[in-house]
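Chains, contacts and geometry: an overview
Okay, here's what each chain looks like letter by letter:
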Amino acid sequence: MKEETFTNKIIKGIGVSSGIATGSVYLLERGKIPVIKRNIKAEQIEKEVNRFRNAVRDAIGELNAIKQSIPDDEVRRHSFIIDAHILMLQDDFFSRDVVNVIRKDNVNAEWALDMVVSKFMSSFEAIEDLYFRERAQDLKYIYDRLMRILVKGKSPTVETKKKAERGIIVAHDLSPADTIQLNLNKISGFVTDVGGRTSHTSIVARALEIPAVVGAGNISSLVKNNDRIIVDGDEGIVIINPTPEVHKEYISKQLRLKNIKKEFLRIAKLKSETKDGFMVKVGANIELIAEMDIVKKYGAQGIGLYRTEYIYLSRKTLPTEIEHFHIYKKLAENKNLDYVTIRTLDIGGDKFVSHIEMAKEINPAMGLRAIRLCIKETDLFKSQLKGILRASAYGPLKILIPMVSGIEEIKKTKEILKECMEELEHKKIDFNKNIELGIMIEVPSTCMISDILAKEVDFFSIGTNDLIQYTLAIDRINEYVSYLYEPLHPAVLRMIKHVVEAAHANGIEVAMCGEMAGEALYIPVLIGLRLDELSMNPYSVPKAKKIVRGLEHAYCKDLLYELFRQDSHKKSETLLRKEMARLFPDDFIKCIEE
Ligand code: PEP
Ligand code: MG
């Protein structure tokens, strides 16, 4: 297969980091290590256990060495993912289980490691939620490193392999540690066979702004070293050995994108204010604190949504109050952020964490998740709340509660929060006594009673991903009904309007942090509705600011009036697209059906 030379072969993958890279392939081949079972005698058991423990120690040593070798401060800031892997190794994460298998089954360390990790991996892979499934990848990186040390004594790194000069790495998979090294080696892009948008490697690629495509099937077995290749991280396309015409086309696209980016970075610094002076905050949604730097670079004023689920993943024990504290303190201390909204654990149902016991549910989206689970598992909830409170002494943190459906959950949350405050006071630990408490508006019931709830909390944040799912009865992960996802559905627009009016009548602010907020098309609608903050993927911030700055609030109000006269999503969308194409001809294509 490898001997075949392709011309202009297009491979479709998932574009996870924006930009275009062109260059020659540097193939990173790391064949799978065959794992052989050896039965060992009772007197060899301790020797085998020690061999495994030494491998863990060496793996930690290797990861520390990678960290130390990073000369660039900018890159070093992202090395916390390597720290996460070091912590997993130190945490006895699978060490204890592996040692138990060696002792119980009288087998060699490699076999025991393989058994334990395979078990973990299959439970991870059985999870429907993509984000959670990808966390299995962290286990896999640790497994690979340990296995190579056990088998060969050391782990090859991207750097110790051939010196790669501005090539494009093609590999079956890359660990976040590899990805950080790629940047050091001035690699211009990478492509992997496996992976998804939320895998750590993809997150690091975005943070380092290296164009990347993952999930590109069997690309590592299709290319050869020095093949010419194009990586389009926006379209998720890889072209092997492009013709000169195609190459030229991509070079001009690369130039165009560079200019757009330059323009975006200029806009990023500007205020997000309409021509007639209406201010709307533009915030960022993040999942990892590694994303903190790009948040500022792309001009977000603060963090409108920090999804804390990742903290609970890839570990066997629950995070402690102190662990929570250290994570949130890093965000609180970042002087570039005017505010940081920390959403408490939104897990349960189809989102799985091995160390939280949960019943199997037939309808998990409506099951024991988020605040419902936190109220039931008070200890779990309290360690997160106390971690946030402690960190609130260091900067402008806010607490956001997901999946609220009625006032009782707010009252109960406040009770628990009060207990947490009393416990910290008792220990003389500093915290912000006036920390703002807000709720996600994502269950239709909360829209209908938003006037009641607004008296109970300091702010609202509308989660349109779930709100649309529950309002229109469309499972958000079911591709067969995704065509029904209609942010301009009259019911959705009326709900948002109702929530904003209720909030403002009670003197509190309303943010929107669902995907709808980051779609440039909907911005005039959201301005017309008088949302106070739009929070989105950090890369969408400059475009959002550009649109805000090109609009007038008075115009948005009139447009909204027109939209409310339409009886369907379709009619509203046609009207909106036509208007946006008129106002922003460079950003919106004129609607065909008029
Ligand atoms: C939402 O539901 O819109 C939201 C922002 O939360 P998540 O996507 O994490 O459920
Ligand atoms: Mg939600």
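Values in this document were obtained by computation on a predicted structure and should not be read as measured data.

With that settled, the discussion passes to the overall build of the protein. If you tally the helices and strands in the protein, you get 25 helices and 16 strands. Across the 594 residues of the protein, 57% fall into the buried class. Approximately 26,400 Å² of the protein is accessible, and the part contributed by carbon and sulfur atoms is 52%.

Taken together, 13 residues lie near ligand 1, and Arg307, Arg343, Gly463, Asn465 and Arg476 sit nearest. Within the side chain of arginine 343, a nitrogen or oxygen atom sits 2.9 Å from an oxygen atom of ligand 1. In this structure, an oxygen atom belonging to ligand 1 sits 3.1 Å away from a main-chain N or O atom of threonine 464. At the level of secondary structure, the elements contributing two or more residues to the shell around ligand 1 comprise β10 (303-307) and α20 (464-471). A class-by-class count of the residues in the shell around ligand 1 yields three nonpolar, four polar and six charged.

Protein coordination of the magnesium ion (ligand 2) is provided by Glu442 (OE) and Asp466 (OD), with donor distances spanning 2.1 to 2.2 Å. Of this pair, glutamate 442 sits in the loop between β13 (436-441) and α18 (444-448) while aspartate 466 sits in helix α20, placing them 24 residues apart in sequence. Its relative accessible area of 2% is what places glutamate 442 among the buried residues. Under the relative-accessibility criterion, aspartate 466 is labelled buried at 3%.

Around the barrel, which closes on itself, the eight strands sit in the order β9-β10-β11-β12-β13-β14-β15-β16 with parallel pairing between neighbours. Along the sheet, successive strands turn relative to each other by an average axial angle of 25 degrees, direction set aside. Bridge analysis of strand β9 (residues 281-286) against strand β16 (residues 533-536) gives four bridges, and the strand direction is parallel. Bridge assignment links alanine 284 to a residue of β16, and that residue is methionine 536. Sheet strands in contact with helix α16 (residues 378-391) are β11 (340-343) and β12 (397-401), and its direction is about 155 degrees off that of β12.

Below, the discussion takes up the pattern of salt bridges. Throughout the structure, instances matching the rule amount to 34 salt bridges. Residue glutamate 48 pairs with arginine 51 through a salt bridge whose shortest N-O separation is 2.8 Å. Of this pair, glutamate 48 and arginine 51 are both found in helix α1 (residues 45-68), three residues apart, which corresponds to roughly one turn of the helix. Residue class for arginine 51 comes out partly exposed when judged on its relative accessible area of 27%. Where arginine 369 meets aspartate 466, a salt bridge forms, and the shortest distance between an N and an O atom there is 3.6 Å. Here arginine 369 is found in the loop between β11 and α15 (370-376), whereas its partner aspartate 466 is found in helix α20, with 97 residues between them in sequence.

Our focus in this paragraph is the confidence of the model for the protein. Residues of the protein with pLDDT of at least 70 account for 87%, and the chain-wide mean is 87. Segment residues 159-164 is flagged for pLDDT under 50; beyond a separation of four residues in sequence, or across chains, it makes twelve contacts in the model.

Moving on, we come to the packing of α16 against helix α17 (residues 407-426). The interhelical angle for the contact between α16 and α17, taken along N-to-C directions, is 60 degrees, at an axis separation of 9 Å. Between α16 and α17, the crossing angle belongs to the class labelled oblique. For α16 against α17, the interelement crossing comes out right-handed. Residues Thr378, Phe381, Lys382, Leu385, Lys386, Leu389 and Arg390 of α16 lie in contact with α17, whose contacting residues are Thr413, Ile416, Leu417, Glu419, Cys420, Met421, Glu423 and Leu424. Partitioned by chemical class, the residues of the contact of α16 with α17 number eight nonpolar, two polar and five charged.

What follows covers helix α4 (residues 95-105). Restricting attention to buried positions, one finds in α4 the residues Ser95, Asp97, Val98, Val99, Val101 and Ile102. Count one or two residues on from α4 and you reach asparagine 106, which has phi positive near 50 degrees.

Let us now look at the packing of α1 against helix α3 (residues 80-90). With their axes 10 Å apart at the nearest point, α1 and α3 run at an angle of 165 degrees to one another. Between α1 and α3, the angle falls in the class roughly antiparallel. The chirality of how α1 crosses α3 is left-handed. Where α1 approaches α3, its residues Val56, Ala59, Ile60, Leu63, Asn64, Ile66 and Lys67 are matched on the opposing element by Ile82, Asp83, His85, Ile86, Leu89 and Gln90. Residue classes in the contact of α1 with α3 are distributed as eight nonpolar, three polar and two charged.

So, how was this worked out
- Residues numbered from 1 in each chain as written.
- Chains lettered and ligands numbered in written order.
- Predicted model: local features only at pLDDT ≥ 70, side-chain atom pairs only at ≥ 80, totals over all residues.
- Heavy atoms only, no water.
- Helix = DSSP H or I, 4+ residues; strand = E, 2+ residues; numbered from the N terminus.
- Buried < 20%, exposed > 50% of the residue type's maximum accessible area, 1.4 Å probe, protein only.
- Areas by Shrake-Rupley, 256 points an atom, 1.4 Å probe, with all protein chains shown as cover.
- Near = heavy atom within 4 Å.
- Polar contact = N/O pair within 3.5 Å; in protein donor to acceptor, adjacent residues only side chain to side chain.
- Nonpolar A, V, L, I, M, F, W, Y, C, P; charged D, E, K, R; others polar.
- Donors = N, O, S within 2.8 Å, 3.2 Å for Na, K, Ca; no water.
- Pairing = 2+ DSSP bridges.
- Axes fitted to C-alpha atoms, helices over the stretch in contact; angles between N-to-C directions.
- Contact = heavy atoms within 4.5 Å.
- Salt bridge = Lys/Arg side-chain N within 4 Å of Asp/Glu carboxyl O.
- pLDDT = per-residue confidence, 0-100.
- Parallel < 35°, antiparallel > 145°, perpendicular 65-115°, else oblique.
- Left-handed = near helix turned anticlockwise from the far one by under 90°.

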